[in-house]
Amino acid sequence: MPTHEKILLKNMERPGYGGTLPEYLAVGGYEAVRNVLGKVPPAEVIERVKRSGLRGRGGAGFPTGLKWGFVPKDSGLPRYLLCNADESEPGTFKDRQLIERDPHQLLEGIILAAYAIGCHRSYVYIRGELVYGASVLTRALHEAATQGFLGQSVLGSGYDLTITLHRGAGAYICGEETALIESLEGKKGMPRIRPPFPAVRGLYQSPTVVNNVETLCNLPHILTRGPEWYAAIGTEKSKGTRIFSVSGHVSRPGNYELPLSVTLRELLLEHAGGVSDGRALKAVIPGGASSPVLTPQHLDVGMDFESLAAAGSMGGSGGVIVMAEGTCMVQVGEVVARFFHHESCGQCTQCREGTAWLHKVLARIERGGGRREDLDLLLDVCDNMTGKTICVLSDAAALPIASYLRYFRDEFEAHVRERRCPLAA
Ligand SMILES: Cc1cc2nc3c(=O)[nH]c(=O)nc-3n(C[C@H](O)[C@H](O)[C@H](O)COP(=O)(O)O)c2cc1C
Ligand code: SF4
């Protein structure tokens, strides 16, 4: 098993570590805030994050420093930093662990990001279901404020920051950054048409950066240990470590923090203990339910953003779902399509109607009522749902289904031919 240093999960794996402020301070917590605020100019902080090569961990993998650089300095409007703690992608549960087990690491990351972009009011948008996480963050915010890490002139630096926790109601679409902004403004969480992008006109029509929990948690380490240290981990274009949430038919499900140079084989076989009950591997979803599926032929693919894209899938949210031989891919498709249909906000016809069609046709095939023309119909619907809508939820629904048909067409055909699910017990 390759050796590696954990960065984000390190503190919480220390025996007895509870994530309180005294415990965080005892392991060097808030050192970056002490050394950066009022001492390193914000533009230099952005430069260091650019040099680190850090890319967003929320789904798209966009370079973090570059995104911050898009925020106009002279708009005369307040700037906002929003922490995306909505963690909605099926198969993904890493942000939850970061929030619940080491909340001050996240708060320190938020303070550093807010300072870098000149924001004085930041919000954490947390998924409604994360009741415990919200209570942990509430306690941590109180601790940080009473010890001078938040509020007026943080640690005497002259920099002011307030962080407010906002609880969502548990809609997948509210994880999409513009829907999150709408929801935070008190409206229904529906994505906005871009441009303008949030960096220019986001929350309350002011410059806004939205960053994922894991992305922000990397910042204290990058700013303490230096961008070159961080950039030496991972691959040429995918730097640092990533937390992979491994679930499904696997011996040791859980969150694994590994350098982005890890392969799927190493992650599954060496770290997660391989497929459970000694069964053969059938398929793997490498980046949450919206990512196209991979098969055993892809086991040597790198888990970095580029290698997964080259293999026809994506890194997405880092949620790795393992499926053993015997899993029905039509049923997987039905479940995935049902989810996206339920979560579509309904603004775009292609998404609203397309997700409904996908679910309806897949359910029909699974129940033995499939027609021969259904398979091409599914591909046609997928094609019409891709690249044509306000946000990429529509693509996220279509691309996985098309991939199940690409790799498992025989199985779909067998369902139609035999008028039943051949894998049903
Ligand atoms: C439908 C949809 C759902 C999303 N859900 C999440 C989510 O739960 N958490 C998250 O961080 N990003 C989510 N994203 C990505 C965000 O829109 C955004 O890109 C991300 O928060 C940016 O942070 P990053 O640059 O740190 O990755 C979602 C995107 C889409 C299209
Ligand atoms: S693609 Fe779907 S979720 Fe996104 S805006 Fe359109 S209807 Fe809403």
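Reading the values: rules and limits
Residues numbered from 1 in each chain as written. Chains lettered and ligands numbered in written order. Predicted model: local features only at pLDDT ≥ 70, side-chain atom pairs only at ≥ 80, totals over all residues. Heavy atoms only, no water. Helix = DSSP H or I, 4+ residues; strand = E, 2+ residues; numbered from the N terminus. Rg over C-alpha atoms; globule rule 2.2 N^0.38 Å. Buried < 20%, exposed > 50% of the residue type's maximum accessible area, 1.4 Å probe, protein only. Contact = heavy atoms within 4.5 Å. Areas by Shrake-Rupley, 256 points an atom, 1.4 Å probe, with all protein chains shown as cover. Lys, Arg positive; Asp, Glu negative; His and termini not counted. Charge placed at Lys NZ, Arg CZ, Asp CG, Glu CD. 1 Å grid on protein atoms, 1.4 Å probe; cavity = no way out; pocket = protein on both sides within 12 Å on 5 of 7 lines; lining within 4 Å. Points joined across faces, edges and corners; volume = space filled by probe spheres on them. Nonpolar A, V, L, I, M, F, W, Y, C, P; charged D, E, K, R; others polar. Pairing = 2+ DSSP bridges. Axes fitted to C-alpha atoms, helices over the stretch in contact; angles between N-to-C directions. Near = heavy atom within 4 Å. Polar contact = N/O pair within 3.5 Å; in protein donor to acceptor, adjacent residues only side chain to side chain. Sits in = over half its atoms within 2 Å of the grid points. Expected span 1.5 Å × (residues − 1). Phe/Tyr/Trp six-rings, centres within 6.5 Å; stacked < 30°, edge-to-face > 60°.

Student: Mind showing me how you'd approach the overall build of the protein chain here?
Tutor: Along its length, the protein chain carries 17 helices and eight strands. The globule rule puts the C-alpha radius of gyration for 425 residues at 22 Å, and the 22 Å found for the protein chain is close to it. Viewed in the frame of its principal axes, the protein chain has a C-alpha envelope of about 75 × 45 × 35 Å. Residues classed as buried in the protein chain amount to 57% of the 425 residues present. Across the protein chain, contacts joining residues at least 24 apart in sequence account for 71% of those joining residues at least 6 apart. Accessible surface, the protein chain: about 16,900 Å² in total, of which carbon and sulfur atoms supply 53%. Placing the 46 positive and 46 negative side-chain charges of the protein chain at their respective mean positions leaves the two points 2 Å apart.

Student: Whenever I open this one, empty space enclosed by the protein confuses me. Can you help?
Tutor: Empty pockets left among the atoms are what a rolling probe the size of a water molecule brings to light. Within this structure, the stated rule accounts for one cavity of 30 Å³ or more. By volume, the largest cavity is sized at about 90 Å³. For the largest cavity, the lining is made up of 13 residues, of which Ser344, Cys345, Cys348, Cys351 and Cys391 are closest to its centre. Classifying every residue of the lining of the largest cavity by side-chain character gives eight nonpolar, five polar and no charged.

Student: Which parts of the structure should I look at to understand the sheet that holds strand E8 (residues 319-324)?
Tutor: In space, the four strands of this open sheet follow the order E6-E5-E8-E7, with mixed pairing throughout. At either end of the open sheet lies a strand with only one pairing partner, and these are strand E6 (254-259) and strand E7 (281-285). Direction aside, the axes of adjacent strands within the sheet are offset by 30 degrees on average. Here E7 pairs with E8 via four bridges, running antiparallel. Of the residues in E8, the one forming a bridge with Leu281 is Ala324.

Student: Help me understand the sheet that holds strand E2 (residues 121-126) in this model?
Tutor: The strands that make up a sheet are held in pairs by hydrogen bonds between backbone atoms, and each pair lies either parallel or antiparallel. A sheet is described by the order of its strands in space; here four strands give the open sequence E3-E2-E1-E4, paired in parallel fashion. Each of the sheet's edge strands pairs with one partner strand only, and the pair in question is strand E3 (162-167) and strand E4 (208-212). Within this sheet the neighbouring strands show an average axis-to-axis angle of 20 degrees, counted without direction. Examined bridge by bridge, strand E1 (residues 80-85) and E4 share five bridges and lie parallel to one another. Note on E4: the bridge partner recorded for Leu81 is Val209.

Student: Quick question: what am I supposed to make of the site of ligand 1 here?
Tutor: Around ligand 1 lies a shell of 18 residues, among which Gly58, Lys67, Asn84, Asn212 and Thr215 are the nearest. Here Asn84 contributes a side-chain N or O atom positioned 2.9 Å from an oxygen atom of ligand 1. Residue Val210 places a main-chain N or O atom 3.4 Å away from an oxygen atom belonging to ligand 1. When ligand 1 sits alone it has 620 Å² of accessible area, and the protein chains cover 89% of it. Its atoms largely coinciding with the cavity grid, ligand 1 occupies the largest pocket. Broken down by element, the residue count for the shell around ligand 1 peaks at three residues, all from E4. Per-class residue counts for the shell around ligand 1 are four nonpolar, eight polar and six charged.

Student: Got a minute to help me understand the pairing of E6 in this structure?
Tutor: Looking down a regular strand, the side chains alternate between one sheet face and the other. Of all six residues in E6, six are buried, a share of seventy percent or more. Where strand E5 (residues 241-248) lies against E6, six bridges are found, and the strand directions are antiparallel. The partner of Val246 across the bridge, within E6, is Gly254. Linking two consecutive strands that pair antiparallel, namely E5 and E6, is a turn of five residues.

Student: I would appreciate a short explanation of helix H15 (residues 349-366) in the present structure.
Tutor: Since the α-helix advances by 3.6 residues per turn, residues separated by three or four positions end up pointing in the same direction. Compared with the 26 Å implied by 1.5 Å per residue over 18 residues, the 25 Å span of H15 between its first and last C-alpha is a close match. Listed as buried for H15 are Cys351, Gly354, Thr355, Leu358, His359, Val361, Leu362, Ala363, Ile365 and Glu366. Looking at the buried positions of H15, the neighbouring elements they touch are helix H14 (329-343), helix H16 (374-385) and helix H17 (393-418). Gly368, located one to two residues past H15, shows a positive phi value of around 90 degrees.

Student: Just checking my understanding: could you explain the environment of Arg48 for this structure?
Tutor: Mapped onto the fold, Arg48 is located in helix H3 (residues 42-52). Judged by its relative accessible area of 24%, Arg48 is partly exposed. The sequence separation of Arg48 and Glu228 amounts to 180 residues, and the corresponding C-alpha distance is 8.9 Å. In this structure, Arg48 is in contact with Val40, Ile222, Leu223 and Pro227, ignoring residues within four places of it in sequence.

Student: Before we go on, may I ask you to explain the packing of aromatic side chains in this structure?
Tutor: Given two aromatic rings, their pairing is described by the distance between the two centres and the angle made by the two planes. By the definition in use, this model includes ten aromatic pairs. Consider the rings of Phe62 and Phe70, whose centres lie 6.1 Å apart with planes at 45 degrees: the pair is tilted. Residue class for Phe70 comes out partly exposed when judged on its relative accessible area of 47%. Among the aromatic residues, those joined into a cluster by ring pairs are Tyr24, Tyr30 and Phe149.

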